[in-house]
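# Chains, contacts and geometry: an overview
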Amino acid sequence: MGLSLPLEDFPTLVLDPARLPRHVAIVMDGNGRWATRRGLSRLEGHRRGKDSARTVIEVARELGIPYLTLFAFSNENWQRPIAEVSFLMALLRRYLMTETKRLCKRGIKLIILGDQAKLPHAVRMVLDEATRLTAANTDMTLALALSYGGRQEIVQAVKSIARAAASGELDPEQINEALIASRLHTGHLPDPDLLIRTSGELRLSNFLLYQLAYTELYFTETLWPDFGEREFLRAVVAYQTRERRFGAVRSSD
Ligand code: FPP
């Protein structure tokens, strides 16, 4: 039986629990604009953005989506004013300190994608603790992309493969798509089925460049702090209207 949704865009559609995306990835964009449009500081936008992240994690877990990846801080975000970077790092640290217990209660495992060496020591400490405490959870995997860049991720994968080939541990003939995927930060996570980007920007912004090859893209004008349960469900319903062919033709053609 489907879950009925009171969505004005899809009045006749229901969410089909049998065809949920296995992996949803989200570019949480528009916190700054949300705040400045209200005469608030950008930092207030990030604070509200953290609440949207918490809501979406809960809804994904309720629905039974096994993998959720959130782009929380990009490699390029280090170029923002120091006050904003410090605020985001503190927000993240507080979020992890207060939410790890809840993640455990919900059976959610936390993993981190990105160059953790660049993160402040205090953030790395809570990340280590949170990933350790949630490591045995199996109901859902939450991947936080932090200090993450898709091209940088590919470069480090290429380096690790080149090193293995140079040392004779790997025959270059063995290099295939699966081997490259296994050397990315996402390791053995399935590729995202659905990518959501908020705030009306139509870009990938260096996010999961290798992994998004066949992902369905969903863009919404909604700014991230306004993105809640209804918006998330709307994106999943839209995904279920898509026909995924992975480059092949429809069986009826
Ligand atoms: C993009 O909005 C958002 C970010 C750079 C940070 C995302 C962080 C959060 C949502 C909060 C922390 C998350 C967790 C999981 C605790 P922007 O500042 O680029 O917005 P703009 O394009 O309107 O300026």
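Read on for an overview of the structure. (Residues numbered from 1 in each chain as written. Predicted model: local features only at pLDDT ≥ 70, side-chain atom pairs only at ≥ 80, totals over all residues. Heavy atoms only, no water.)

### Brief notes about the overall build of the chain
When you go through the chain residue by residue, the secondary structure sums to seven helices and eight strands. Taking 253 residues into account, the globule formula puts the C-alpha radius of gyration at 18 Å, and the chain, at 19 Å, falls close to it. Along the longest, intermediate and shortest principal axes, the C-alpha atoms of the chain span 60 × 55 × 35 Å. Across the 253 residues that make up the chain, the buried fraction comes to 48%. For the chain, the accessible surface area stands at approximately 13100 Å², while carbon and sulfur atoms represent 52% of it. In the chain, which carries 34 positive and 30 negative side-chain charges, the distance between the mean positions of the two groups comes to 6 Å. (Helix = DSSP H or I, 4+ residues; strand = E, 2+ residues; numbered from the N terminus. Rg over C-alpha atoms; globule rule 2.2 N^0.38 Å. Buried < 20%, exposed > 50% of the residue type's maximum accessible area, 1.4 Å probe, protein only. Areas by Shrake-Rupley, 256 points an atom, 1.4 Å probe, with all protein chains shown as cover. Lys, Arg positive; Asp, Glu negative; His and termini not counted. Charge placed at Lys NZ, Arg CZ, Asp CG, Glu CD.)

### Looking at the packing of helix α2 (residues 42-63) against helix α7 (residues 229-241)
Axis separation between α2 and α7 bottoms out at 9 Å; the angle between their running directions is 50°. Looking at the two axes, α2 sits oblique to α7. By crossing handedness, the relation of α2 to α7 is classed as right-handed. Contacts from Thr 55, Val 56, Val 59, Ala 60 and Leu 63 of α2 reach α7 at Glu 229, Phe 232 and Leu 233. Residues belonging to the contact of α2 with α7 are distributed by class as follows: six nonpolar, one polar and one charged. (Axes fitted to C-alpha atoms, helices over the stretch in contact; angles between N-to-C directions. Parallel < 35°, antiparallel > 145°, perpendicular 65-115°, else oblique. Left-handed = near helix turned anticlockwise from the far one by under 90°. Contact = heavy atoms within 4.5 Å. Nonpolar A, V, L, I, M, F, W, Y, C, P; charged D, E, K, R; others polar.)

### What to know about the site of the ligand
In the vicinity of the ligand there are 20 residues, among which Met 28, Gly 32, Arg 33, Arg 42 and Arg 80 approach most closely. At 3.2 Å from an oxygen atom of the ligand is found a main-chain nitrogen or oxygen belonging to Asn 31. Between the ligand and Arg 42 there is a distance of 2.9 Å, counted from an oxygen atom to a side-chain nitrogen or oxygen. Protein burial of the ligand: of its 620 Å² of free accessible surface, 92% is covered by the chains. Looking at the shell around the ligand, the elements that each hand over two or more residues are α1 (31-36), α2 and α3 (82-105). For the shell around the ligand, the per-class residue count stands at nine nonpolar, six polar and five charged. (Near = heavy atom within 4 Å. Polar contact = N/O pair within 3.5 Å; in protein donor to acceptor, adjacent residues only side chain to side chain.)

### Looking at the sheet that holds strand β7 (residues 194-197)
Strand pairing in a sheet relies on backbone hydrogen bonds, with the paired strands running either antiparallel or parallel. Here we have six strands laid out as an open sheet, ordered β5-β6-β4-β3-β7-β8, and parallel in their pairing. Edge positions in the open sheet fall to β5 (108-113) and β8 (216-219), since each of these has one partner strand only. Strand-to-strand, the axes of this sheet are offset by a mean angle of 20°, without reference to chain direction. As defined by bridge partners, strand β3 (residues 23-27) adjoins β7 across four bridges and the pair is classed as parallel. Note that in β7 the partner of Ala 25 across the bridge is Leu 195. Where helix α4 (residues 121-134) meets the sheet, it contacts β5 and β6 (140-148), and its direction lies at approximately 140° from that of β5. (Pairing = 2+ DSSP bridges.)

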